[in-house]
Amino acid sequence: MHWKGLWALFSFHREVKDAFIPNKKSKVGSRFGFVRFSSVTYAQRVIKRLNGFILLGYRIGSENG
C-alpha cells in the first residue's frame, strides 16, 4: 500500500495531518505505517473503528489494542 491509500482510508473517518509508511519492516517482519490526526480524540475514535479491519488481506491493528 502507498501512503496515499493509508491517508484516504483514515481520512474517511477523521481529519488526517500526516501518513507515512517506511520501507523497512518490523522486527517480526510485518509492514507498518503511521497516521497522525488533528486531535487525540479523533485518533482514539479511529483506532476503535478500524482496529481489526482487514485491508488487502492484512489485519489493521494498533499497538495499543
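Thresholds, definitions, all that
Residues numbered from 1 in each chain as written. Predicted model: local features only at pLDDT ≥ 70, side-chain atom pairs only at ≥ 80, totals over all residues. Heavy atoms only, no water. UniProt positions renumbered as here; feature names shortened; annotations may be inferred. Helix = DSSP H or I, 4+ residues; strand = E, 2+ residues; numbered from the N terminus. Phe/Tyr/Trp six-rings, centres within 6.5 Å; stacked < 30°, edge-to-face > 60°. Buried < 20%, exposed > 50% of the residue type's maximum accessible area, 1.4 Å probe, protein only. Core = buried A, V, L, I, M, F, W, Y, C linked by side-chain atoms within 4.5 Å. Contact = heavy atoms within 4.5 Å.

Naming follows an unreviewed UniProt entry, where the protein appears as RRM domain-containing protein of Gossypium stocksii.

Let us now look at the UniProt feature "domain: RRM" (unreviewed entry) in the protein. Here the UniProt-annotated "domain: RRM" (unreviewed entry) positions come out as residues 3–60. Structurally, residues 3–60 is divided into 34% helix and 22% strand, and its ends, taken at the C-alpha atoms, are 14 Å apart.

Next up on the list: the packing of aromatic side chains. In this description, an aromatic ring pair is defined by two values, namely the gap between the centres and the angle between the planes. By the definition in use, this model includes 2 aromatic pairs. Between Phe32 and Phe34, the ring centres sit 5.7 Å apart and the planes meet at 85°, which makes this aromatic pair edge-to-face. Classification of Phe32 by relative accessible area gives partly exposed; the value is 26%.

Once that is clear, we can look at the nonpolar core. Membership of the largest hydrophobic core is limited to 10 residues, which are Leu6, Leu9, Phe10, Val16, Ala19, Ile21, Phe37, Val46, Leu50 and Ile60. Elements that contribute at least two residues to this core include exactly helix H1 (3–11), strand S1 (16–20) and helix H2 (40–50). Those residues in contact with Phe10, other than ones at most four positions away along the chain, are Val16, Val35, Phe37, Val46, Leu50 and Ile60.

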